[in-house]
Amino acid sequence: MDKTKPFSIAKREVWEAYKRVKVNRGTAGVDGQTIEQLEGDLRNNLYRLWNRLSSGSYFPPPVRRVDIPKGEKSTRALGIPTVCDCIAQTVAKRYLEPILEPLFHEDSYGYRPGRSAHQALSIARQRCWRYDWVLDLDIKSFFDTIDWELLLRALRRHTDCKWVLLYIERWLKAPVSMADGTLVERNQGTPQGAVISPLLANLFLHYVFDCWMTKHYPDIPFERYADDIICHCASEAQARALKDALVQRLAQCRLELHSHKTKIVYCKDANRRSSYPEQRFDFLGYTFRPRWSKSGEGKLFVSFAPAVSEKAAKAMRQRTRRWRLHHRNDLALEEVARWTRPIVMGWVRYYGRFHASALRGALRTLDDFLVRRAQRKYKRLRAHKRRAWHWLWRVHARQPELFAHWALVSTVGR
């Protein structure tokens, strides 16, 4: 620390923030600098960043806009900060997180230490068994419409640290650099992709939603993962009343429910005899709906349960097709397995937690391409697809853990 600086920020904090950004492999921002380029003169680069932060002269550069596919016809805009800006934001996050974390609601799961999407899904599954109805909430363009005045007011309730308040306001106001280099000024929202955004979003919804629900609807449990929210209701009437109240509540906080995506769902199962048009909802990449399940005694029954969503399965199939494995005869089968393993293992670990057998269709696409690859590589299989499948079954029998999905879900053509 330097007592001649207006802000007391330890050099060690910048170093620890750099280490965290390095682990996350931050993407280059508008300046094109990668983490490897930063490390070319690491000591001086980190010193310059610390000097600017502690002197109050740090001004965040524009965030680089990147559009990623969200569906068949839509995209989600991410704002990518520079590597140095990621480090600076991580310094602020490390300061704020210990202050804000103890305040947050037990059923807030998104982007919090020690909490995960699987925890939220598990609790949602249990509550769907206990409550007949769900209100599936969708806040329209949440990250893009957060009101700065309300957000900063909430932040000031928990810290008077001048440098944190100064830099967060500057980060909020940093312009967006479009693909053609045009700078677009912003007057609301916090960019998805920024290190500090998830923490600020959680703070905002802590007051907008979590505290409000605790005060006005303490008998309605919910799970919230950032702006993905599921509420469990005892009746359709209760769900409708909550929806109407939330429309007003969000309007007070300058937010809006998406009218077409927000819906009331009946959690149909073997013991629920009523009927209702909506009997499914998506949450965190899983679809909750009536499914055949097996009891501890081995009997089949209908349960309202989660499994990988068709949207997520379609994305997996599309990515698998883009690999064009049937043209990769330059690689041995073991090399193909090593190359695909990190991604496929990620799918298996995330989407295989509940009703893993539902992954069968999505992951079979990989096996389809392995068969096509074998037909191109081996003349004896070229005109005999069934024979090519038998070849793959034999490989699976000899090396059942060769491909990441084989170890968890048997998808090989059966």
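Since the model is a prediction, treat every value here as computed from it, not as a measurement.

Q: I'm lost on the nonpolar core in this one. Help?
A: With 73 residues, the main nonpolar core has Ile-87, Cys-231 and Leu-242 as its most contacted residues. The greatest single-element share of this core, amounting to 10 residues, is contributed by helix H9 (residues 197-216). Every residue in contact with Ile-87, bar those within four places of it in the chain, is listed here: Val-14, Ala-17, Tyr-18, Val-21, Leu-38, Leu-46 and Leu-49. Among the nonpolar cores identified, the runner-up in size contains 52 residues, and Cys-128, Met-345, Val-371 and Trp-391 belong to it.

Q: Can you walk me through the sheet that holds strand E8 (residues 263-266) in this structure?
A: Paired through backbone hydrogen bonds, the strands of a sheet run either parallel or antiparallel to each other. The sheet built from 4 strands is open, its strands ordered E6-E7-E3-E8 with antiparallel pairing. Two strands lie at the open edges of the sheet, namely strand E6 (222-225) and E8, each paired on one side alone. With strand direction ignored, the average angle separating the axes of adjacent strands in the sheet is 15°. Bridging between E6 and strand E7 (residues 228-233) involves 4 bridges; their strand directions are antiparallel. Looking across to E7, one finds that Glu-223 is bridged to Ile-230. Packed on one face of the sheet, H9 meets strand E3 (133-138), E6 and E7 and runs near 175° to E6.

Q: Just to check I follow, could you spell out the packing of helix H7 (residues 148-156) against H9 for this structure?
A: Two quantities define a packed helix pair, namely the angle between the helix axes and the distance between the axes. Where H7 contacts H9, the axes come no closer than 10 Å and their chain directions differ by 90°. Taken together, the axes of H7 and H9 lie roughly perpendicular to each other. Of H9, the residues touching H7 (which contributes Leu-150, Leu-151, Ala-154 and Leu-155) are Leu-200, Leu-203, Phe-204 and Tyr-207. A breakdown of the residues in the contact of H7 with H9 according to their chemical character gives 8 nonpolar, no polar and no charged.

Rules used in this analysis
Residues numbered from 1 in each chain as written. Predicted model: local features only at pLDDT ≥ 70, side-chain atom pairs only at ≥ 80, totals over all residues. Heavy atoms only, no water. Core = buried A, V, L, I, M, F, W, Y, C linked by side-chain atoms within 4.5 Å. Buried < 20%, exposed > 50% of the residue type's maximum accessible area, 1.4 Å probe, protein only. Helix = DSSP H or I, 4+ residues; strand = E, 2+ residues; numbered from the N terminus. Contact = heavy atoms within 4.5 Å. Pairing = 2+ DSSP bridges. Axes fitted to C-alpha atoms, helices over the stretch in contact; angles between N-to-C directions. Parallel < 35°, antiparallel > 145°, perpendicular 65-115°, else oblique. Nonpolar A, V, L, I, M, F, W, Y, C, P; charged D, E, K, R; others polar.

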